[in-house]
Amino acid sequence: MAAANKPRVVLLDIEGTVCPISFVKDVLFPYALSALPSTLAQEWDSPAFSRYRAAFPAKHASTPAALAAHVRDLMSRDVKIAYLKALQGYLWEAGYALGALRAPLFGDVAPKVREWTSAAAASDGEGGGGGARVMIYSSGSVPAQKLLFRHTNGEPADLTGAITDYFDTVNAGPKTEPASYERIAAKYPEVPAGEWLFLSDNVREVEAAREAGMRACVVQRPGNAELPEDVRGRLEVVESFEEL
Ligand SMILES: CSCCC(=O)C(=O)COP(=O)(O)O
Ligand SMILES: [Mg+2]
């Protein structure tokens, strides 16, 4: 990337961008579904669990069976609604803690994140040295994002020390709306929107970030759906962070 194009903040999507979609669909989701029945049976009235239950619409949270059916329905349709995402994060906690879950980041991710952030630290975050702060914006809840980056397949496994901030649909808004990216950028008024780089597998998210004035690239990873034909002609597409 030419020096003039160096971002001061890199904002990363998770699923399909830093880790395979299959980790979410074939590992995280089944883990949550398998932990659900015992969690509902043992923790229904516990203070730790009841705040997740209380966030569900009352008609779907009247009994453990009703809530389980609603969660299964939402997950079968991959509905990215905040109360489901919060519950998933809670269900994954034990899996990460026990070592049953570990996030398989693509090989280029951790080295590039460390390159961006160590150069940013060396230049005091002011840019010019090729460094950038790294932040996350995912439909997964902020606690779920932190779990994922604390338990990666890397060595060391914990990448959270390199990540400055986390955004989800609760604190930023829907990922396909430009206003969400404006809200994120507004939290860091010292960095103009044009000096942010958003990376995502989702074309509509990339378009929304661009509408908000950010530079944004589509990340096309193994296992992602094929991109519509016109995308490569009108948007930047990368297959690895090494290209950045
Ligand atoms: C960080 S939690 C696991 C991922 C997840 O649940 C999800 O919905 C990911 O969506 P993304 O916006 O990162 O594509
Ligand atoms: Mg994604």
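Residues numbered from 1 in each chain as written. Chains lettered and ligands numbered in written order. Predicted model: local features only at pLDDT ≥ 70, side-chain atom pairs only at ≥ 80, totals over all residues.

**Let's talk about the site of ligand 1**
Line of reasoning, step 1. Taken together, 15 residues sit near ligand 1, with Ile-14, Glu-15, Ser-138, Ser-139 and Gly-140 positioned nearest.
Line of reasoning, step 2. Sorting the residues of the shell around ligand 1 by element identifies helix 1 (21–43) and helix 6 (142–150) as the ones contributing at least two each.
Line of reasoning, step 3. If you tally residues by element for the shell around ligand 1, the top one is helix 6, at three residues.
Line of reasoning, step 4. The class makeup of the residues in the shell around ligand 1 is five nonpolar, six polar and four charged.
Line of reasoning, step 5. Counting contributing residues, the shell around ligand 1 receives three or more from each of domain 1 (3–19 + 103–243) and domain 2 (23–98). (Near = placed C-beta within 6 Å. Helix = DSSP H or I, 4+ residues; strand = E, 2+ residues; numbered from the N terminus. Nonpolar A, V, L, I, M, F, W, Y, C, P; charged D, E, K, R; others polar. Domains from an automatic or database assignment.)

**What to know about the pairing of strand 3 (residues 163–167)**
Here is the key point about a regular strand: its side chains alternate between the two faces of the sheet.
Line of reasoning, step 1. Where strand 2 (residues 133–137) meets strand 3, four bridges bridge the pair, whose relative direction is parallel. Paired with Tyr-137 across the two strands is Phe-167, which belongs to strand 3. (Pairing = 2+ DSSP bridges.)

**Notes on the packing of helix 1 against helix 4 (residues 82–98)**
Line of reasoning, step 1. Contact geometry for helix 1 and helix 4: axes closest at 9 Å, N-to-C directions at 95 degrees. One way to sum up the angle between helix 1 and helix 4 is to call them roughly perpendicular. Residues Leu-28, Tyr-31, Ala-32, Ala-35, Leu-36 and Thr-39 of helix 1 form the contact with helix 4, whose participating residues are Gln-88, Leu-91, Trp-92, Ala-94 and Gly-95.
Line of reasoning, step 2. When the residues that make up the contact of helix 1 with helix 4 are grouped by side-chain class, the tally is eight nonpolar, three polar and no charged. (Axes fitted to C-alpha atoms, helices over the stretch in contact; angles between N-to-C directions. Parallel < 35°, antiparallel > 145°, perpendicular 65-115°, else oblique. Contact = placed C-beta atoms within 7 Å.)

**Structural notes on the packing of helix 1 against helix 3 (residues 64–76)**
Line of reasoning, step 1. Remark: helix 1 packs on helix 3, axes separated minimally by 10 Å, with the N-to-C direction vectors making an angle of 170 degrees. Here helix 3 runs roughly antiparallel to helix 1, going by the angle between their axes. Residue-level contacts link Phe-29, Leu-33, Leu-36, Pro-37, Leu-40 and Ala-41 of helix 1 to Pro-64, Leu-67, Ala-68, Val-71, Arg-72 and Met-75 of helix 3.
Line of reasoning, step 2. Grouping the amino acids of the contact of helix 1 with helix 3 by side-chain chemistry returns 11 nonpolar, no polar and one charged.

**Here we look at the sheet that holds strand 4 (residues 196–200)**
Line of reasoning, step 1. Spatial ordering of the open sheet is given by 3-2-1-4-5-6, a layout of six strands whose pairing is parallel. Each having just a single partner strand, strand 3 and strand 6 (236–238) make up the two edges of the open sheet. Sheet twist, expressed as the average angle between the axes of neighbouring strands with direction ignored, equals 25 degrees.
Line of reasoning, step 2. Here helix 5 (residues 109–122) sits on the sheet in contact with strand 1 (9–12) and strand 2, set at roughly 130 degrees to strand 2.
Line of reasoning, step 3. Across the sheet, helix 8 (residues 203–211) is in contact with strand 4 and strand 5 (215–219); its angle to strand 5 comes to roughly 170 degrees.

**Let's talk about the nonpolar core**
Soluble globular proteins tend to bury their nonpolar side chains together.
Line of reasoning, step 1. Within the largest apolar cluster, 60 residues are counted, with the highest numbers of intra-cluster contacts made by Val-10, Leu-11, Leu-87, Tyr-181, Phe-198, Ala-209 and Met-214.
Line of reasoning, step 2. Among the elements that take part in this core, helix 4 stands out by supplying eight residues, more than any other.
Line of reasoning, step 3. When residues of this core are sorted by domain, at least three fall in each of domain 1 (3–19 + 103–243) and domain 2 (23–98).
Line of reasoning, step 4. Leave out the neighbours within four places in its chain, and Leu-11 touches Met-135, Tyr-137, Ile-184, Trp-196, Leu-197 and Phe-198. (Core = buried A, V, L, I, M, F, W, Y, C linked by C-beta atoms within 7 Å. Buried ≥ 20, exposed ≤ 12 C-beta atoms within 10 Å, placed from the backbone.)

**What about the domain arrangement of the chain?**
Line of reasoning, step 1. Its domain assignment divides the chain into domain 1 (3–19 + 103–243) and domain 2 (23–98).
Line of reasoning, step 2. Taken together, the contact pairs 13 residues of domain 1 with 11 residues of domain 2.
Line of reasoning, step 3. In terms of residue class, the side of domain 1 that touches domain 2 is made up of seven nonpolar, five polar and one charged.

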